[in-house]
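What follows is the residue order along each chain.
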Amino acid sequence: PEAPYCNYKLELEIHSLTAELESLKNPQGLGLSSHLDGLREENAKLKYRLNVLKRSLQEERSQCSKTMMNINQRLQEIFGEAIREACPDLENPPLAVTPNQQAKFGDYQCNSAMAMAQMMKSKGLKVNPRQIAENIQQNIPDNELIEKTEIAGPGFINVHLKRSFVSKLLTNLLLNGVQPPPLESKKKVVVDFSSPNIAKEMHVGHLRSTIIGDSMCRLFEFLGYDVLRLNHVGDWGTQFGMLIAHLQDKFPNYLTVSPPIGDLQAFYKESKKRFDEEEDFKKRAYQCVVKLQSKDPAFIKGWNLICDVSRNEFQKVYNCLDIQIIERGESFYQEKMTAVVKEFEAKGLVEMDEGRKIVFAPGQQIPLTVVKSDGGYTYDTSDLAALRHRLFDEKADIIIYVTDSGQGTHFQVVFAAAQMIGWYDPNVTRVEHAGFGVVLGEDKKKFKTRSGDTVRLMDLLDEGLKRSMEKLKEKDRDKVLSTEDLTKAQRSVAFGCIKYADLSHNRINDYVFSFDKMLDDRGNTAAYLLYAFTRIRSIARLANIDEAALRKAAETTEVLLEHDKEWKLGKCLLRFPEILQKILDDLLLHTLCDYLYELATTFTEFYDSCYCIEKDRQTGEVVKVNMWRMLLCDATAAIMAKGFDILGINPVSRM
């Protein structure tokens, strides 16, 4: 959504008044000192008018907007203005505003003064940071959310928020739901994730890429971007020669009768064994590759059959994990590679190296091989073609590749080559590799089966279902839930725990896969959060308060934040937009997991200290309901539900 129209005129007027004030600061050509007093008076009037306008703009903003305010960002605007006023000569002064870790020091903290003192010192100016902090404090403009500020220590500015303002923001959240902050412009985002290889099983590496990539897409989608989810499957290359040759031998009538390839993994191993051991077969495999590349219909049919068997296997995994993705494999870019090589040649960027055509990008040690000595193309060529297509045909503003960190150097070189040839400017278009560490077993070694094979993804998901059912039965949930609800809870816990265990670790690090840990309902796990969420949702149900009653209460009841634990919970809820902004900047989703865990524990503190419902000790009947606290329960459930949605976790109403 665009900024509301009600702001537009005010902003224009502010702009012209600011320009007028600037011109009064430099009264060139006015010359006459008799005018100065008049100008000063004029200046004072303009400043007063400007402040009145700014205040009404702030009020308009808070009334026009149904979206959630990013409090941190708003404080940065306020302090940015104060810093510019306090030190107009300092270029690009540092701006640091963070939530305060200790409640006694206030709610947020501005730590810019120390860094500014360092900057001034490097220019030969010795200024006490506390003096700078005082100067900033005096220049804080009138605003809608700061109650008071205090200077502490060497120059920290502690900020106390207005409780009435926080209460208004919570009411806005309750009435309008969890709405993302307004977008300046709707950008196109391409996320390349999952990307398994045809004819090979999906393994735990693909699991990480699939879960992390899907969650990134969900975040961009919630924030209002136009997202294209791409599955860059390995569906082209020399391995198809041996697979088609083996297909011809094993199912000679494959063109008319669909071959019953049940286990593609075994089929792949058989053909690989023959390729390694039988010279005649190897020759035929190479001929098949040539036929396939020349688009011979019989060979294209064989290729399609093999791809379809794989697709069906992949889809089983995607169905379990609720993944939406569009397949656009390497084969899609085959036709486009020749043009890419020609473009690099035309600009004189290709060198010959022992029959290979290579491209050196500035600042990179390793070249890209765009054509092999036998005339064939490589991963380098197809990745360049894919990047070019995403930039020019898809017109992407943001492109993210979610693969393991081992491919980091490769993408660095590809991006550098694309910038060198002028395909994009990194200051305008964001092209990024979001790498992740490997999955380890509980022995801290690479995750394998007992026999040393790669773990099949479907086996892993089935094991998750088995373990989560055991966990639910341990809690006697099978005695209280219907069969349908029990199955829903089983899937929610199994797949939710697998996703959360991955996403709650910093993706850059390796992570240890452990069913026992992820299904533990204590600590920062999906099991704990899903139970906490179900409990929060049940509070209103137990008090016989329905959606309509909560809605009416949100319209008529002020959310009071007088108790320390109410205040702490209220502020925690409103940090949601700044958490999302941080993830948008660094693509590290564990920040959202940490936040949801903090929210759940903050809620527990609140619920233990502040009664929401009073019951009769004897009869257990509800005798008193505290409505504004019920609203805080409702707001917590709403934020948690949206957080789960971004993580791709599907909570159930009964558990």
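Residues numbered from 1 in each chain as written. Predicted model: local features only at pLDDT ≥ 70, side-chain atom pairs only at ≥ 80, totals over all residues. Heavy atoms only, no water.

### Considering the pairing of strand β12 (residues 430-433)
Then, in step 1: Every second residue of β12 is oriented toward a common face, the buried set being Val431 and His433 and the non-buried set Arg430 and Glu432.
Then, in step 2: Bridge count for strand β11 (residues 398-401) against β12 is 4 bridges, and the pairing is parallel. Bridge assignment links Ile400 to a residue of β12, and that residue is Glu432.
Then, in step 3: In terms of handedness, the path from β11 via helix α14 (residues 408-420) over to β12 forms a crossover that is right-handed. (Buried < 20%, exposed > 50% of the residue type's maximum accessible area, 1.4 Å probe, protein only. Helix = DSSP H or I, 4+ residues; strand = E, 2+ residues; numbered from the N terminus. Pairing = 2+ DSSP bridges. Right-handed = clockwise from strand over helix to strand, strands pointing away.)

### Observations regarding the UniProt feature "domain: Arginyl tRNA synthetase N-terminal" (unreviewed entry) in the protein chain
Then, in step 1: When the UniProt feature table is mapped onto this chain, "domain: Arginyl tRNA synthetase N-terminal" (unreviewed entry) is found at residues 73-161.
Then, in step 2: The annotated region residues 73-161 carries 39% helix and 21% strand content, and the separation between its end C-alpha atoms amounts to 14 Å. (UniProt positions renumbered as here; feature names shortened; annotations may be inferred.)

### Quick notes on the nonpolar core
Then, in step 1: Among the nonpolar cores identified, the biggest contains 171 residues, and Phe576 and Leu592 are the most heavily contacted of them.
Then, in step 2: Setting aside anything within four residues of it in sequence, one finds Phe576 in contact with Met68, Val178, Phe222, Leu592, Tyr595, Ile639, Lys642, Gly643 and Ile646.
Then, in step 3: In this structure, Val359, Ala361, Val371 and Ile421 belong to the second largest nonpolar core, which totals 32 residues. (Core = buried A, V, L, I, M, F, W, Y, C linked by side-chain atoms within 4.5 Å. Contact = heavy atoms within 4.5 Å.)

### Here we look at the sheet that holds β11
Then, in step 1: Strand order in the open sheet formed by 5 strands is β7-β6-β5-β11-β12, with parallel pairing between adjacent strands. Unpaired on one side and paired on the other, β7 (326-327) and β12 mark the two borders of the sheet.
Then, in step 2: Sitting on the sheet, helix α13 (residues 379-392) touches β5 (188-192), β6 (226-231), β11 and β12, and the angle it makes with β11 is about 150°.
Then, in step 3: α14 rests against β11 and β12 of the sheet, and its axis sits at about 160° to β12. (Axes fitted to C-alpha atoms, helices over the stretch in contact; angles between N-to-C directions.)

### Looking at helix α8 (residues 239-250)
Then, in step 1: Between its first and last C-alpha atoms α8 spans 17 Å; for 12 residues at 1.5 Å apiece the expected length is 16 Å, and the two agree.
Then, in step 2: Where α8 is concerned, the buried positions are Phe240, Gly241, Met242, Leu243, Ile244, Ala245, His246 and Leu247. (Expected span 1.5 Å × (residues − 1).)

### Some words on α14
Then, in step 1: Look at α14: 18 Å from first C-alpha to last across 13 residues, which is about the 18 Å you get at 1.5 Å a residue.
Then, in step 2: Among all positions of α14, only Gly408, Phe411, Val413, Val414, Phe415, Ala416, Ala417 and Ala418 are buried.
Then, in step 3: Buried residues in α14 make contact with α12 (334-346), β10 (368-371), α13, β11 and β12.
Then, in step 4: Downstream of α14 by a residue or two, Gly422 has a phi angle that is positive, lying close to 90°.

### Focus: the packing of helix α10 (residues 279-293) against helix α11 (residues 297-321)
Then, in step 1: Two elements in contact, α10 and α11, have axes whose closest approach is 8 Å; the angle formed by their N-to-C orientations is 100°. Between α10 and α11, the angle falls in the class roughly perpendicular. For the pair α10 and α11, contact is made by Cys288, Lys291 and Leu292 and by Phe299, Ile300 and Trp303, respectively.
Then, in step 2: Classifying every residue of the contact of α10 with α11 gives 5 nonpolar, no polar and 1 charged. (Parallel < 35°, antiparallel > 145°, perpendicular 65-115°, else oblique. Nonpolar A, V, L, I, M, F, W, Y, C, P; charged D, E, K, R; others polar.)

### Quick notes on the environment of Ala417
Then, in step 1: Relative to the elements of secondary structure, Ala417 occurs in helix α14.
Then, in step 2: Along the backbone, Ala417 and Pro367 are 50 residues apart, and their C-alpha atoms lie at a distance of 9.3 Å.
Then, in step 3: Ignoring any residue separated from it by four or fewer positions in sequence, one finds Ala417 in contact with Phe344, Ala361, Leu368 and Leu384.

### Quick word on unusual backbone geometry
Then, in step 1: Not every positive phi belongs to a glycine, and Glu354 is a case in point at roughly 50°.
Then, in step 2: Mapping Glu354 onto the fold places it in the loop between β8 (351-353) and β9 (356-359).
Then, in step 3: Positive phi, close to 60°, is recorded for Asp476, a residue that is not glycine.
Then, in step 4: For Asp476, the position within the fold is in the loop between α15 (457-474) and α16 (477-480).
Then, in step 5: A relative accessible area of 39% places Asp476 in the partly exposed class.

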